[in-house]
Amino acid sequence: MTADHGESPATAAGTGTADLTLDAKVAEADLPPQLVAQSLGEYMRASWLRIRGGNSGVLPVILAIVIVAVVFEIITPEHAYLRPSNLVYIFGLSTVYMILAIAETIVLLLAEVDLSVGAVALIGGAIAFKLVQQPGPNWPWWAAILAALAICGAFGALQGALVALLRIPSFVVTLGGFLLFSGILIIILGGADSTVSLNTDDPNQNFIYDMVQGLISPLFGWIILAVVVGVAGTSQWFRAAARRRRGLVTPPVGVTVIRIALVTIVGAAVVLVCSVNRGTTLKHVTGVPWVIPIVLVVLAAWTITLQRTRFGRYMYAIGGNPESARRAGVSLPKIRIWGFALCSATAALGGILLGSFFYGQYSTNTADPGQLVLYTVAASVIGGVSLFGGRGKAIHGVLGGLLIGGIAYGVSLLSLGSLSTPLTYILPGGVLLIAVLIDVQSRRGAGA
Amino acid sequence: MTADPGQTPVGTGVGTADLTLDAAAVTADVPAELFAQSLGQYFRASWQRVRGGNAGVLPVLLALVVVAIGFQIANSKFLGAQNLVNLFEQSTIYMLLAIAEIFALLLGEIDLSVGLVMGLSSVVVAELVQPTGANWPWWAAIIAALLASTAFGAIQGTLVSRLKMPSFIVTLGGLLILEGVAIIVLGGSLVGIGNGGFTNEVYLYNIFWGTFSPVVGWILLVVLVGAAGGGLWLQDARKRRRGLETAPRSLVAMKILLIAVAGIAVVAICNVNRAHAGTIEGVPFIIAIVLVVLLASTALLQRTRFGRYVYAIGGNPEAARRAGVRLPVIRTWCFALAGLISGIAGVLFASWQVSLTTNIIKASNSYVLLAVAAAVIGGTSLFGGRGKTIHGVLGGLVIGGIYNGLYLLGVSSQWIDVAVAAVLIAAAVIDVLSRRGAPGKA
């Protein structure tokens with residue numbers, strides 16, 4: 001294998017063979033369909049072949065979300081599951097899992113695992129909430145959030161160093177980290193029964209409260225949607241045009257158009273659902289929660305980092321084959337430590353959102369860090385991230401998180417009595433096992 | 001590599017019958033008793049092995065001494081008879097779960113569900129003897145709990161070995177499912193076995209809290225030391241007769257003496273009256289239970305073909321497979337055994353807690369970390385192929401000592417968690433570094 005510092009070794013093999021004919025064997029061999037397809041029809045056929053070859057991307061998780069939505073709509077009392085108020089609530093509940101699953105995805109891409117994300121996230125939230133207290137440190141909200149991200153990032157770097165430099169298995173390091181940080185969390189909160197809450201009368205504290213609870217008025221929501229679709233659409237369009245001009249392989253024009261149309265439809269649906277009054281006739285509650293743009297920003301940031309930067313390419317390279325990445329000149333310890341640090345920093349943001357979701361209250365009972373981790377790993381793997389490294393995207397974490405949140409809320413809607421508590425354990429456990437089973441089988445199918 | 005199904009592939013060192021004492025051979029994993037001719041040579045050889053990164057139980061014994069001296073200085077009650085028995089009672093669960101965990105660790109796998117297998121087993125046993133419910137005899141309830149635990153372990157083992165799923169994920173998902181199942185079995189919010197009016201509940205209660213009377217304790221000790229000493233001596237004599245390499249005679253005598261001294265110390269301490277008022281004395285049943293589990297698992301791992309296969313798989317699965325070892329069978333059995341031993345721990349847990357609640361079931365999960373920590377602190381490698389069940393017992397004692405000592409000092413539980421986490425990570429670091437120090441191992 002030749003060492004090419006600028007290129008990612010994981011993708012180099014596929015890109016090198018510029019075979020433009022559509023042929024089933026090539027399509028199965030991990031080639032993105034836009035590289036081989038000349039027209040929309042060919043593109044669709046190529047995509048189908050990839051799915052049959054065990055490379056289905058986000059399709060299974062989207063299917064699962066649809067199935068979960070339909071099933072719960074049918075079996076919940078009064079068919080309440082898909083009411084706008086519930087949909088918005090599900091999204092709020094899922095954001096924590098989404099952000100944590102994006103964080104976990106970063107580490108999973110390296111073929112490692114981080115079992116401490118739950119505890120680290122809760123520490124991040126507790127730190128941010130503590131720092132804006134008045135009387136108390138009374139830091140501005142942005143400084144408090146940055147401090148939380150930085151401290152948790154440092155925790156992650158510490159664990160990453162143990163994994164990367166000493167090569168201690170990551171699940172052991174982070175299992176110890178989980179216990180350690182769960183203890184530190186209680187110490188930060190100031191004892192087992194203490195609560196930190198935000199005072200919504202203080203605009204500084206209210207900002208953090210609003211991160212999940214705050215709403216953007218419907219009109220404003222439409223404007224933001226228009227801007228997002230406009231920017232995303234034109235950038236897609238121009239990128240395709242630029243590639244075409246330079247004579248590079250590009251997806252057919254039809255695909256670009258369909259993509260932009262899909263983003264518009266999904267965005268419009270979200271804003272529309274959020275614009276319905278979900279309060280009472282006396283007290284109207286409408287609007288898009290702030291957290292939706294927040295999740296979108298995190299998703300966009302991580303998608304760009306993973307897909308468009310050298311750092312991202314190195315992550316996939318290490319996850320795919322650490323030895324060949326090393327021989328290609330990638331510094332494994334550096335990338336691994338950064339991966340763990342960024343995972344923990346992202347998780348800290350999830351923890352802050354978690355506190356905001358629980359109406360600005362933080363206590364040791366807010367969430368069980370152990371259960372949070374399990375939901376998180378399940379969300380990433382269900383979303384389509386491989387446990388074995390090198391396969392997955394940030395969007396998988398978001399979709400997996402939505403699925404887990406949707407299941408968790410749906411179960412709570414069913415009045416199951418004494419069964420509802422056990423089911424909150426059994427369902428994610430079962431879903432995790434099934435997701436991993438699919439992951440293992442699809443890798444076998446792909447011949448890896 | 002030649003395939004010889006009858007022999008264990010890891011024992012390549014035994015083939016070179018080099019009887020001279022030489023440092024290179026010593027560091028290469030050869031047990032010291034194979035070439036030492038006298039007691040002095042034996043000690044020198046052992047010291048070389050320790051320096052070569054093959055320290056065995058020495059570090060954990062050192063840790064035990066440090067823990068004992070440190071806490072004794074901080075609080076003079078620590079080494080009192082009452083606290084020592086207390087400490088052992090607290091450590092029992094760690095010891096048994098660590099032994100269970102070692103069956104997974106030896107394969108190079110991990111079982112994160114041992115804590116909740118224990119939880120499920122404890123709920124099953126407690127529910128089945130309820131006079132208002134199933135009202136089974138106590139022994140039938142125990143058998144049912146152990147069967148359920150073993151079956152769950154076997155299912156997890158099957159997923160790991162046949163479907164090639166990573167063990168930490170299978171057991172992570174498994175523990176979630178178990179948590180739910182245990183809460184369902186628990187039904188209400190509480191189940192207790194502390195009602196003295198029902199024979200079955202009394203039997204269960206006494207498993208953990210019962211003691212041998214002082215005289216029976218001494219008699220059992222004499223029998224035990226006699227059997228162990230006779231066994232060791234006869235084994236040595238038989239080896240000598242057949243012309244095999246044996247450890248020096250004085251070493252065998254010393255081993256027997258050590259066992260006797262340790263045994264007398266334990267029985268003497270336990271026979272002190274440790275009650276504030278009235279009399280509580282005698283060796284607790286649980287010491288005998290831990291000994292039985294330890295001896296049985298040691299015999300299984302050190303003296304049977306199954307045990308050799310376990311070490312072979314942990315050392316190099318591919319080599320073991322080519323030598324004709326059926327990996328899925330051995331792996332599944334190991335997870336089943338881990339389930340069984342966790343189930344035994346569960347019976348003790350139910351007896352120890354007396355009444356079980358949803359919160360206690362949820363808390364049983366946290367024991368998994370302590371079990372892994374105990375095994376690794378004891379000297380079992382996380383990477384498979386290296387470790388013995390005695391490591392679990394000694395490591396469990398260290399963890400129990402740290403918990404007990406910090407608790408005596410009035411340290412709050414979150415700081416104790418922090419301390420144990422630090423110990424786990426330190427043990428893992430030592431494991432990794434000692435593997436690096438040992439030649440020929442990655």
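What counts as what
Residues numbered from 1 in each chain as written. Chains lettered and ligands numbered in written order. Predicted model: local features only at pLDDT ≥ 70, side-chain atom pairs only at ≥ 80, totals over all residues. Helix = DSSP H or I, 4+ residues; strand = E, 2+ residues; numbered from the N terminus. Buried ≥ 20, exposed ≤ 12 C-beta atoms within 10 Å, placed from the backbone. Contact = placed C-beta atoms within 7 Å. Expected span 1.5 Å × (residues − 1). Domains from an automatic or database assignment. Nonpolar A, V, L, I, M, F, W, Y, C, P; charged D, E, K, R; others polar. Axes fitted to C-alpha atoms, helices over the stretch in contact; angles between N-to-C directions. Parallel < 35°, antiparallel > 145°, perpendicular 65-115°, else oblique. Core = buried A, V, L, I, M, F, W, Y, C linked by C-beta atoms within 7 Å. pLDDT = per-residue confidence, 0-100.

K.L.:
I'd love a proper account of the overall build of chain A, names of residues and values included.
P.N.:
The secondary structure content of chain A amounts to 18 helices and four strands. Per-residue burial for chain A yields a buried fraction of 46% across its 448 residues.

K.L.:
Give me the lowdown on the overall build of chain B, citing residues and values where you can.
P.N.:
Counting secondary structure elements, chain B contains 19 helices and two strands. For chain B, with 442 residues in total, the buried portion stands at 46%. Sequence separation of at least 24 residues holds for 76% of the intrachain contacts in chain B that already meet a minimum separation of 6.

K.L.:
Outline unusual backbone geometry, supporting the account with residue identities and numerical values.
P.N.:
Working note: non-glycine residues mostly have negative phi, and peptide bonds are mostly trans. Cis peptide bonds are those with omega within 30 degrees of zero, and the linkage from Q134(A) to P135(A) qualifies with 0°. Of note, P135(A) is situated in the loop between α6 (117–131) and α7 (141–166). Even without being glycine, Y359(A) reaches a positive phi, approximately 55°. Examined against the element boundaries, Y359(A) turns out to sit in the loop between α15 (332–357) and β4 (361–363). For Y359(A), a count of 12 C-beta atoms within 10 Å translates into the label exposed. One non-glycine residue with positive phi stands out, namely K164(B), at about 60°. On the secondary structure map, K164(B) appears in the loop between α7 (138–162) and α8 (167–186).

K.L.:
So what's going on with helix α11 (residues 249–271) of chain B? Residues and values would help.
P.N.:
Compared with an ideal rise of 1.5 Å per residue, which puts 23 residues at 33 Å, α11(B) spans 33 Å between its outermost C-alpha atoms and is within 8% of the ideal. Of the surrounding secondary structure, the elements contacted by the buried residues of α11(B) are α5 (81–105) and α10 (214–241) of chain B.

K.L.:
So what's going on with the domain arrangement of chain B? Which residues, and what values?
P.N.:
Residue and element names in this part refer to chain B. Its domain assignment divides chain B into domain 1 (57–198 + 288–433) and domain 2 (211–283). Here the C-alpha centre of domain 2 lies 25 Å away from the C-alpha centre of domain 1. Counting residues at the interface gives four residues for domain 1 and four residues for domain 2. In terms of residue class, the side of domain 1 that touches domain 2 is built from three nonpolar, one polar and no charged.

K.L.:
Describe the interface of chain A and chain B, and please don't skip the residues or the numbers.
P.N.:
In this complex, chain A contributes 33 residues to the contact, which on the side of chain B involves 32 residues. Of all elements in the fold, only α7, α8 (170–189), α16 (369–383) and α18 (420–445) of chain A reach the threshold of two or more residues within the side of chain A that touches chain B. For the side of chain A that touches chain B, the leading source of residues is α18(A), giving 13 residues. Grouping the amino acids of the side of chain A that touches chain B by side-chain chemistry returns 25 nonpolar, seven polar and one charged.

K.L.:
Outline the packing of helix α10 (residues 218–245) of chain A against helix α11 (residues 253–275) of chain A, supporting the account with residue identities and numerical values.
P.N.:
All names here are of chain A. The contact between α10 and α11 brings their axes to 10 Å, and the two run at 170°. Judged by the angle between their axes, α10 and α11 are roughly antiparallel. Between α10 and α11, the contacting residues are P218, G221, W222, L225, V228, V229, A232, G233, Q236, W237 and A240 on the first element and T256, R259, I260, V263, T264, G267, A268, V271, C274 and S275 on the second.

K.L.:
Summarise the environment of V123(B); cite the residues concerned and give the values.
P.N.:
All names here are of chain B. Mapped onto the secondary structure, V123 falls in helix α6 (residues 114–128). Between the C-alpha atoms of V123 and L87, which are 36 residues apart in sequence, the distance is 24 Å. Excluding anything up to four places from it in sequence, V123 contacts A182, V185, L186, V191, L356 and I361.

K.L.:
Which residues make up α8(B), and what values do they have?
P.N.:
Residue and element names in this part refer to chain B. Taking 1.5 Å of rise per residue, 20 residues should cover 28 Å, and α8 covers 27 Å from first to last C-alpha, within 8% of that figure. Of all the 20 residues making up α8, 18 are buried; the element is thus mostly covered by neighbouring parts of the structure. The first or second residue beyond α8 is G187, which carries a positive phi of 70°.

K.L.:
I'd like a rundown of the environment of V423(B), residues and numbers included.
P.N.:
Residue and element names in this part refer to chain B. Position of V423 relative to the elements: it lies in helix α19 (residues 413–437). On a C-alpha basis, the gap between V423 and V272 in space is 32 Å, while along the polypeptide they are 151 residues apart. Beyond its immediate sequence surroundings of up to four residues, V423 is in contact with A373, I377 and I402.

K.L.:
Hey, could you go over the nonpolar core for me, with residue numbers and the actual values?
P.N.:
Counting residues in hydrophobic clusters, the biggest one holds 251 residues, and the most contacted among them are L96(B), A371(B) and A373(B). Considering every element that reaches this core, the biggest residue donor is helix α5 (residues 84–109) of chain A, with 17 residues. Counting only domains with at least three residues in this core, you end up with domain 1 (57–198 + 288–433) and domain 2 (211–283) of chain B.

K.L.:
How would you explain the packing of helix α12 (residues 285–303) of chain B against helix α18 (residues 389–408) of chain B if you had to name every residue and give the values?
P.N.:
Residues and elements named next belong to chain B. Contact pair α12 / α18: the axes reach a minimum separation of 8 Å and the direction vectors enclose 150°. In contact with V290, L294, S297, T298 and L301 of α12, α18 contributes T389, I390 and V393. For the contact of α12 with α18, the class distribution of residues is five nonpolar, three polar and no charged.

K.L.:
Pulling in residues and values, what's your account of the environment of G384(B)?
P.N.:
Tracing the backbone through its elements, the reader meets G384(B) in the loop between α17 (367–378) and α18. Sequence-distant contacts of G384(B), that is, excluding residues within four places in its chain, are made with L105(B), L106(B), L107(B), G108(B), G314(B) and G315(B).

K.L.:
Which residues make up the confidence of the model for chain B, and what values go with them?
P.N.:
Regions with low pLDDT should not have their predicted coordinates read in detail. Residues and elements named next belong to chain B. Predicted confidence across chain B gives a mean pLDDT of 84, with 88% of residues reaching 70 or more. Residue range residues 1–28 is modelled with pLDDT below 50. Its contacts to residues more than four positions away, or to other chains, number 40 contacts. In the predicted assembly, ipTM is 0.75 and pTM is 0.81.

K.L.:
How would you summarise the confidence of the model for chain A if you had to cite specific residues and measurements?
P.N.:
Per-residue confidence for chain A averages 83 on the pLDDT scale, and 89% of its residues sit at or above 70. Overall, residues 1–29 of chain A carries pLDDT values under 50, and its contacts beyond four positions in sequence, including any with other chains, amount to 39 contacts.

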